[in-house]
Amino acid sequence: MTLQKPSSLSAGLANASILLYLFWLLLPAVQTTGRALTGVVSVALFGAAVIADTQYLKQSWLSTLLRAACAAAMPLLMRFFLQRGGANFAGFYVQQAMFWFPLVFAGYARERGDSRLWRWVKPLMLAVVTVTTLTTIGWLIQGMLRGGRVYAYSRSLGYAGEGREAYLKELMLRNIGGYDFIYATVVSLPLTCLGVQRSRGWARAGYGALLAAQAVMVALSQYTYAMVFTAAILVVEGVAAAARALSRGRLGMGASLLWGAAPLAVVILLRVPLVSLAARVCGSLGLTNFAHSFEMLLDALQGGGLGGESRLTYYLTALEGFRKSPLVGGMLGGEPLLSLHSDLLDLLSGMGVLGAALVGGMIYLMGRGLLSGVRRSPARVQLVMTAIALFACALLGTVVYSRDILAVAAMGTLLVLESEAQVLGAPPQTPVGD
C-alpha cells in the first residue's frame, strides 16, 4: 500500500526539527548559548511531527515503537555494560537521545521519501560547517602564534575536567570546533570529495576550497588519529582522481579507489620514517609548531600517548576482557575490563559477540530504511569510505559522546541517496504495514 505524503504540519515540524538541531549542533557558539535545551526541543519537534503523521503511524506503528524503544534503551546498555556517562548519567541519557536523533530522522525520512522533510538541510550544513571550519582555523593559527607555546584550543575542548567550564565556554563562544567537530570533519571527507567530483564550475571550486580548509583544520588541530585518518583518505582520493583523469573516464569510481589504496599501503609501511623526516624538516625550517604536530603524530604511530602513556595498553585491556568471555562479555557479572578509549573494543569486552550483535540490531532498527538502494548507488564506494572512517573513529576512540559525528554521517548519507533517487526518477520509499 502506497502512503500519502505527510501533512504540511507534519513535514514542517520534521524539517524544522532537523534544521534547528544542525544549526545548533555544528556551530559551537550557538551550541553553548542555546545549551542542551535546544537539542531537546529539536527532538521533541520531531516526535510531534511523527505523531502528526497519522497514516504513517497506522501503517508502521511497530517500527516506530521499536525505533523509540531502541533509542530509550541504548544509553542504559552504554551505562551498565560500557560504563559510559560518568557521574552525570541523567545528562548522558539526554545527550544520547540527541545522539541517535539524526539516525532515526534519516531512516524515517527515507521511508517517507518526501523532500520537504530535508528541505534546506544541504545548504544549511554546508554553511555552518564552512563557518565553523574557518573560525576554527583562524583561532588555531592564533593559538600557534601566541607567545612561546602552542595553544591547542581544539584539544582543550576535548578535556571537560572539573573547574574548566568557564574556559571551555569561552573557547566555544569563539566558535572553535573541538574533538566532536574535528572527527565529524574526518568522517565527512569522502562526501566532500564526492561533491568535488559531481559538481562543475564555481560549485566545484567551492567544494575544493572546503576540502582544503578541512584538511588544514585537521592538521592544525593536533588530534593525531584525525591527522592519520585524513592523510589516508586524501591519499586514496587523490590517487583515485588522478587514475580517473589518466583513464579519461574509462575507470569507474570503485576501480579508481582501489588504485588509490595501493600507494596507501606503501605509506603505511613507511609511516614512521616519513613522519620522522617531516618533523625534522619542519624543525630545521623553524616551523616549530608544525614540527610539534608531527612529533605528536609520530608518538601515536609508535603506540604512545600523551603523558607517556600508551593507548595500546588501554586497547589490550579491553581485548583481554573479550578473550575471557567472548560470547557475553561482562554482562553476567564481574568487573568488566574496559579501555574507555574505544567504543568497539569496549562493546566486545562489556557485552561480547552476542551483545554487540544486539547493539548492531538496535542501530539497524533505529536507522531502518536509511541505506535503501545503496547497492545501486553510484556513490556507494564513497559512502563505504564514510562508514570505514566512522568505524575507525569508534575503534580507536569514543564516538558515543560525539553527536556531530553521527549527525554528519547520517544526514550526509540521506542527502546523497535521496539526490540520486530524484535524478534517477526513483519512486519514494514507502513502508509496508507492520
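Residues numbered from 1 in each chain as written. Predicted model: local features only at pLDDT ≥ 70, side-chain atom pairs only at ≥ 80, totals over all residues. Heavy atoms only, no water.

A closer look at the pattern of salt bridges
Defined as follows: A pairing counts as a salt bridge when a side-chain nitrogen of Lys or Arg comes within 4 Å of a carboxyl oxygen of Asp or Glu. Secondary structure counts use DSSP, requiring at least four H or I residues in a row for a helix and at least two E residues in a row for a strand, with both numbered from the N terminus. Relative accessible area decides the class of each residue, using a 1.4 Å probe on protein chains only: under 20% of the type maximum gives buried, over 50% gives exposed, and in between gives partly exposed.
This model, assessed by the stated rule, comprises nine salt bridges. Ionic pairing is found between Asp53 and Arg112, a salt bridge with its closest N-O pair at 2.8 Å. With a gap of 59 residues between them, Asp53 in the loop between helix 2 (28-52) and helix 3 (54-59) and Arg112 in helix 5 (residues 89-112) connect regions that are remote in the sequence. Summarising the burial analysis for this pair, Asp53 and Arg112 share the class buried. It is possible to trace a salt-bridge network through shared partners that takes in Arg67, Glu111 and Arg368.

A look at helix 15 (residues 311-324)
Rules: Here the expected span of a helix is defined as 1.5 Å times the quantity of residues minus one. Working note: the arc is built from the helix axis to C-beta atom directions.
With 14 residues, helix 15 ought to run about 20 Å at 1.5 Å a step, and its terminal C-alpha atoms sit 21 Å apart, in line with that. Turning to helix 15, its buried residues are Tyr315, Ala318 and Gly321. Seen along its axis, helix 15 keeps its buried residues to an arc of 115°; they face one direction. Exposed residues lying more than 90 degrees from the buried face of helix 15 are Arg323 and Lys324.

Brief notes about the packing of helix 4 (residues 61-82) against helix 16 (residues 343-366)
Keep this limit in mind: To get an axis, fit a line to the C-alpha atoms, keeping to the stretch in contact for a helix; angles then go from 0 to 180 degrees between the N-to-C directions. Any angle that is under 35 degrees is reported as roughly parallel, and any over 145 degrees as roughly antiparallel; angles of 65 to 115 degrees are reported as roughly perpendicular and all others as oblique. Contacts were defined at the residue level, with two residues in contact if any of their heavy atoms lie within 4.5 Å.
Their axes nearest at 10 Å, the elements helix 4 and helix 16 cross at an angle of 175°. Considered as vectors, helix 4 and helix 16 are oriented roughly antiparallel to each other. Note on element contacts: helix 16 touches helix 4 through Asp343, Asp346, Leu347, Gly350, Met351, Val359, Met362, Ile363, Leu365 and Met366, opposite Leu66, Arg67, Cys70, Ala71, Ala73, Met74, Leu77, Phe81 and Leu82.

With respect to helix 10 (residues 201-221)
Between its terminal C-alpha atoms helix 10 stretches 30 Å, which fits the 30 Å expected from 21 residues at 1.5 Å a residue. When we look at burial in helix 10, the residues that qualify are Tyr207, Leu210, Leu211, Ala213, Gln214, Met217, Val218, Leu220 and Ser221. Immediately downstream of helix 10, the backbone of Gln222 shows phi near 70°, a positive value.

A look at the side chain of Arg112
What counts is decided by this rule: Polar contacts, as counted here, are pairs of nitrogen or oxygen atoms within 3.5 Å of one another; within protein the pair requires one atom able to donate a hydrogen and one able to accept it, and residues that are adjacent in sequence qualify only if both atoms are side-chain atoms.
The exposure class of Arg112 is buried, given its relative accessible area of 4%. Within polar-contact distance, the side chain of Arg112 engages the side chain of Asp53 at 2.8 Å.

Observations regarding the nonpolar core
Rule in force here: The definition of a nonpolar core used throughout is a set of buried Ala, Val, Leu, Ile, Met, Phe, Trp, Tyr and Cys residues joined through side-chain atoms within 4.5 Å.
Counting 95 residues, the largest nonpolar core has Leu22, Phe105, Val121 and Tyr183 as its most contacted members. If one sorts the elements of this core by residue count, helix 5 sits on top with 11 residues. Not counting chain neighbours up to four residues away, the residues in contact with Phe105 comprise Ala14, Ser17, Ile18, Phe46, Leu117, Met411 and Leu414. Membership of the second largest hydrophobic core comes to six residues, among which are Leu191, Leu194, Leu383 and Leu417.

Examining the confidence of the model for the protein chain
Where we set the bar: The pLDDT value tells you how sure the predictor is about a given residue, anywhere from 0 up to 100.
When the pLDDT values of the protein chain are averaged, the result is 86; 84% of them are 70 or greater. Looking at the elements of the protein chain, mean pLDDT is at its lowest for helix 12 (residues 253-269), recorded as 61, and at its highest for helix 1 (residues 8-25), recorded as 97.

Side note on the packing of aromatic side chains
We count it as follows: The rule is short: rings of Phe, Tyr and Trp, with Trp giving its six-membered ring, pair when the centres are within 6.5 Å, and they are stacked under 30 degrees, edge-to-face over 60, tilted in between. Ring-over charges, as used throughout, are those where CZ of Arg or NZ of Lys falls within 6 Å of the ring centre and within 35 degrees of the ring normal.
Across all of its chains, the model carries 15 aromatic pairs by this definition. Summarising the aromatic geometry, the rings of Tyr56 and Tyr108 are spaced 5.0 Å apart at their centres and angled 85° between planes, so their arrangement reads as edge-to-face. In this pair, Tyr56 is assigned in helix 3 and Tyr108 in helix 5, connecting sequence segments 52 residues apart. Classification of Tyr56 as buried rests on a relative accessible area of 1%. With 6.3 Å between their ring centres and 40° between their planes, Phe89 and Phe92 make a pair best called tilted. With a gap of three residues between them, Phe89 and Phe92 both fall in helix 5, about one helical turn apart. Phe92 sits in the buried class, given a relative accessible area of 4%. An aromatic cluster of at least three residues, connected via ring pairs, comprises Tyr21, Trp24, Phe46, Tyr56, Phe101, Phe105 and Tyr108. Positioned above the aromatic ring of Trp120 is the side chain of Arg119, whose terminal nitrogen or guanidinium carbon lies 4.7 Å from the ring centre.

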